[in-house]
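Next come the chains, spelled out residue by residue.
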Amino acid sequence: MAVDSAISSPLGPPACKKDAKALQFIEEMTRNADAVQERILAEILSRNAETEYLNRFKLNGATDRKTFKSHIPMVTYEDLQPEIKRIANGDRSPILSAHPISEFLTSSGTSAGERKLMPTIQEELDRRQLLYSLLMPVMNLYVPGLDKGKGLYFLFVKSETRTPGGLLARPVLTSYYKSEHFKTRPYDPYNVYTSPDEAILCADSFQSMYTQMLCGLLERKQVLRLGAVFASGLLRAIRFLQLNWTQLAHDIRTGTLSPKITDPAIKDRMVPILKPDPQLADFITRKCSEDNWEGILTKIWPNTKYLDVIVTGAMAQYIPTLDYYSGGLPLACTMYASSECYFGLNLNPMSKPSEVSYTIMPNMAYFEFLPHEPNANRFSSRDLPLKLVDLVDVEVGKEYELVITTYAGLYRYRVGDILRVTGFHNSAPQFHFVRRKNVLLSIDSDKTDEAELQKAMENASQLLKEFNTSVVEYTSYADTKTIPGHYVIYWELLVKDPDNSPSEEVLNQCCLEMEQSLNSVYRQGRVADNSIGPLEIRVVKNGTFEELMDYAISRGASINQYKVPRCVNFTPIMELLDSRVVSSHFSPSLPHWTPERRR
């Protein structure tokens with residue numbers, strides 16, 4: 001029931017007084033976006049005035065925008081690596097931030113085959129918590145009654161390591177779930193999960209998923225929303241149910257926990273929860289044993305109002321599969337964040353995925369925008385002639401690369417996200433996430449660019465030399481019809497001696513060699529997270545890539561400028577390639593991966 005209109009918000013009548021306060025905060029921040037930005041920059045520069053980095057550029061304590069912009073260069077991760085390495089190796093002097101670096105957040109963007117290390121400070125948890133606290137007040141404007149049930153969210157911690165200097169290095173969500181902010185969060189009827197904290201915090205991905213799924217089934221009628229961080233994660237949960245429903249039904253029928261669950265904290269937590277329920281076990285057996293799983297989510301969790309998953313950017317490829325399993329439930333993308341910084345939220349979370357726009361919250365960091373030009377890569381980050389645009393000065397319809405300055409010591413840092421301005425909420429712009437810059441392939445949190453794919457190709461093709469065989473041409477795509485999704489590489493081979501052509505076993509090894517050459521985020525997805533399936537090479541008939549060129553030219557491409565696309569997703573091209581496949585090969589084993597960082 002909406003509260004009295006005297007404390008209503010321009011966003012809509014809030015569901016309760018607590019929501020009214022949150023919505024009012026959003027209004028104040030977005031109405032005064034430029035003033036907030038000016039204050040944020042002054043705060044960051046003032047507190048970090050004596051850092052080595054700012055002193056290097058002779059800022060001399062200035063906190064105004066003009067001096068900042070004229071003195072501080074725009075940088076990439078590679079530019080900051082020397083400073084980050086010093087901090088990682090134990091240098092505690094104020095290099096980037098006056099406040100101690102509390103840990104590193106590992107970015108899924110890759111650098112030289114490793115996760116990037118993003119410095120953070122303790123108080124950033126407060127800023128992240130603040131943004132989280134705004135999500136449900138906005139959602140309550142669109143979906144009433146969410147306090148009457150629970151959310152089934154599949155949330156996981158991932159492996160963490162320590163740098164040589166002893167600082168933790170872990171993904172941003174692992175940092176949050178393991179923090180006191182999460183573990184001692186105040187009770188909120190709008191934000192109750194079926195998953196116990198003990199299951200979320202279990203590092204064993206099987207035990208964590210099993211327990212979260214079991215609890216979700218036990219409380220199936222209470223579930224009003226289903227979610228995971230990425231669309232791929234929710235599909236992985238569906239696949240897990242397909243593979244494990246018989247054991248889950250057995251546990252529910254007998255009121256006993258599978259012997260595969262050995263984590264003591266989970267076992268203790270499940271004792272009061274798990275009671276024999278033959279009726280529920282029969283229901284799950286009946287539904288899950290059906291051949292057709294279309295709409296399975298609403299069959300098992302009939303009161304689900306929406307799916308809460310990220311389906312923008314690379315995750316958009318999963319929308320048809322989610323629609324199939326959910327019977328077309330609405331897809332809500334609630335917030336926009338990264339390891340470097342949390343950026344903003346979706347003020348219209350029930351919009352279609354293709355229309356999702358995020359409103360940047362100007363209190364989270366200082367934001368600038370680099371007009372996105374196709375030839376921008378020709379310049380080094382320090383020499384780019386393009387002028388950065390302030391938050392309130394971006395133009396609707398134009399695309400920009402996001403550049404941030406944070407409290408934790410990133411200054412004019414290029415995030416690598418390409419955004420398109422769709423409008424404004426008050427004076428704060430709203431952006432549609434277009435894509436990650438230079439990313440070619442992505443299944444989960446992995447990001448493979450063209451240079452990485454090329455290197456992997458070169459390494460794998462070395463195995464063909466003894467057979468006097470070479471790769472004439474290649475392309476790729478991310479196949480998300482399988483769960484988990486996997487990389488598909490199309491190869492056209494030149495076999496100079498048909499009597500000594502590479503065997504199936506050799507081509508399988510080529511798949512594995514490619515995987516060994518890909519970055520650690522990809523390999524973790526394969527080995528530890530089970531979020532990526534074995535890489536596949538499809539060998540196509542000779543002349544296939546000439547046909548591909550002919551097709552492109554028939555659609556208007558210039559014969560002089562045509563280049564084979566290194567990644568394809570256009571249906572007619574995929575159909576052409578697949579119709580020419582002569583053999584398919586898969587990686588025969590897992591690539592090497594360990595959680596330890598390379599020294």
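Residues numbered from 1 in each chain as written. Predicted model: local features only at pLDDT ≥ 70, side-chain atom pairs only at ≥ 80, totals over all residues. Heavy atoms only, no water.

1. Concerning the overall build of the protein
Filter applied, for reference: Put simply, DSSP H or I for four residues or longer makes a helix, DSSP E for two residues or longer makes a strand, and each gets a number counted from the N terminus. Note on exposure labels: buried denotes an accessible area under 20% of the residue type's maximum, exposed denotes more than 50%, and partly exposed covers the range between, all computed with a 1.4 Å probe on protein chains only. Every residue pair with non-hydrogen atoms within 4.5 Å of one another is taken to be in contact. Per-residue and other accessible areas were derived by the Shrake-Rupley procedure at a 1.4 Å probe size, with only the shown protein chains allowed to occlude residues. When charges are counted, Lys and Arg are positive and Asp and Glu negative, with His and the chain ends excluded. One atom stands in for each charge, and that atom is NZ of Lys, CZ of Arg, CG of Asp or CD of Glu.
Within the protein, the secondary structure is distributed over 20 helices and 22 strands. Principal-axis analysis of the C-alpha atoms places the extent of the protein at approximately 80 × 70 × 50 Å. Here the protein holds 599 residues, and 54% of them are scored as buried. Contacts spanning at least 24 positions in sequence make up 69% of the contacts within the protein whose residues lie at least 6 apart. Carbon and sulfur atoms make up 51% of the accessible area of the protein, which amounts to about 25400 Å² in all. Of the charged side chains in the protein, 67 are positive and 72 negative; the average position of the first set lies 3 Å away from that of the second.

2. Re the packing of helix α11 (residues 231-254) against helix α15 (residues 319-326)
Note the cut-off: In this analysis, axes come from line fits to C-alpha atoms, helices being fitted only over the stretch in contact, and the angle between any two N-to-C directions falls in the range 0 to 180 degrees. The scheme is simple: roughly parallel for angles under 35 degrees, roughly antiparallel for over 145, roughly perpendicular for 65 to 115, oblique for anything else. Left-handed describes a crossing whose near helix is turned anticlockwise from the far helix by less than a right angle; the clockwise case is right-handed. Under this grouping Gly is polar, as are all residues other than the nonpolar Ala, Val, Leu, Ile, Met, Phe, Trp, Tyr, Cys and Pro and the charged Asp, Glu, Lys and Arg.
Where α11 contacts α15, the axes come no closer than 10 Å and their chain directions differ by 45 degrees. In terms of orientation, α11 and α15 fall into the oblique class. Between α11 and α15 the crossing geometry is left-handed. On the side of α11, the interface is formed by Ala231, Leu234, Leu235, Ile238 and Gln242, while α15 contributes Thr321, Leu322 and Tyr325. In the contact of α11 with α15, the residues fall into 6 nonpolar, 2 polar and no charged.

3. A short note on the confidence of the model for the protein
Note the threshold: Confidence scores per residue from the predictor, reported as pLDDT, run from 0 to 100.
On average, the protein scores 89 in pLDDT, and the residues at 70 or more come to 93%. Below pLDDT 50 for its whole length, residues 1-8 participates in 12 contacts with residues either more than four positions away or in separate chains. Counting contacts from residues 375-384, a segment whose pLDDT is below 50, to residues more than four positions away or on other chains yields 18 contacts.

4. Considering the state of the cysteines
To be explicit about the condition: Any two cysteine sulfur atoms lying within 2.5 Å of each other are counted as a disulfide.
Taken as a whole and assessed by the stated rule, the structure comprises 0 disulfides. Between cysteine 202, a cysteine without a disulfide, and cysteine 215, which holds the nearest cysteine sulfur, the sulfur-to-sulfur distance is 12 Å. Its relative accessible area of 5% is what places cysteine 202 among the buried residues. With no disulfide of its own, cysteine 567 has cysteine 511 as its nearest cysteine by sulfur position, at a separation of 17 Å.

5. Focus: the nonpolar core
To keep it simple, the criterion reads: What we call a nonpolar core is a set of buried Ala, Val, Leu, Ile, Met, Phe, Trp, Tyr and Cys residues that are connected through their side-chain atoms within 4.5 Å.
Of all hydrophobic cores here, the largest spans 164 residues; its most connected members are Leu241, Trp301, Phe367, Trp491 and Met514. Counting residues per element, this core draws most heavily on α11, at 11 residues. Counting 12 residues, the second largest nonpolar core, distinct from the first, contains Val488, Val564, Ile573 and Leu577.

6. Notes on the domain arrangement of the protein
Put simply, the rule is: Reported domain spans reflect what an automatic or database domain assignment gives.
In terms of domains, the protein is made up of domain 1 (17-121 + 341-376 + 386-436), domain 2 (147-304) and domain 3 (440-586). The straight-line distance from the C-alpha centre of domain 1 to that of domain 3 is 36 Å.

7. Considerations on the sheet that holds strand β21 (residues 536-540)
We apply this condition: A pair of strands is considered paired only if DSSP assigns at least 2 bridges between the two.
Here we have 4 strands laid out as an open sheet, ordered β19-β20-β21-β22, and mixed in their pairing. Taken across any chain shown, the strands that pair with only one partner, and hence form the sheet edges, are β19 (469-479) and β22 (581-586). Neighbour-to-neighbour, the strand axes of the sheet open up by a mean angle of 25 degrees, direction not taken into account. Note that β21 and β22 share 5 bridges and pair antiparallel. Opposite valine 539, over in β22, you have serine 583 as the bridge partner.

8. Quick notes on helix α10 (residues 205-218)
Basically, it comes down to this: To estimate the expected span of a helix, subtract one from its residue number and multiply by 1.5 Å. The definition of a polar contact used here is a pair of N or O atoms within 3.5 Å, where within protein one atom must be able to donate a hydrogen and the other to accept one, and adjacent residues in sequence count solely through side-chain atom pairs.
In this model α10 runs 20 Å from its N-terminal to its C-terminal C-alpha over 14 residues, within 8% of the 20 Å that 1.5 Å per residue would give. Of all the 14 residues making up α10, 11 are buried; the element is thus mostly covered by neighbouring parts of the structure. For α10, the full list of buried residues reads Gln207, Ser208, Met209, Tyr210, Thr211, Gln212, Met213, Leu214, Cys215, Gly216 and Leu217. Between the side-chain oxygen at the start of α10 and the backbone nitrogen of phenylalanine 206 there is a gap of 3.0 Å, and the oxygen is on aspartate 204.

9. Description of the packing of aromatic side chains
Inclusion rule: To pair, rings of Phe, Tyr and Trp, with the six-membered ring standing in for Trp, must have centres within 6.5 Å; the planes then decide the type, stacked if under 30 degrees apart, edge-to-face if over 60, and tilted in the middle. Throughout this description, the term charge over a ring refers to an Arg CZ or Lys NZ atom that lies within 6 Å of the ring centre and within 35 degrees of the ring normal.
On inspection of all chains with the given rule, the structure shows 21 aromatic pairs. An aromatic cluster of at least three residues, connected via ring pairs, comprises Tyr132, Tyr176, Tyr177, Phe182 and Tyr342. Its guanidinium or amino end placed over the ring of tyrosine 342, arginine 128 lies 5.8 Å from that ring's centre, counting from NZ or CZ. The ring of tyrosine 474 carries arginine 566 above its face, with NZ or CZ at 4.1 Å from the centroid.

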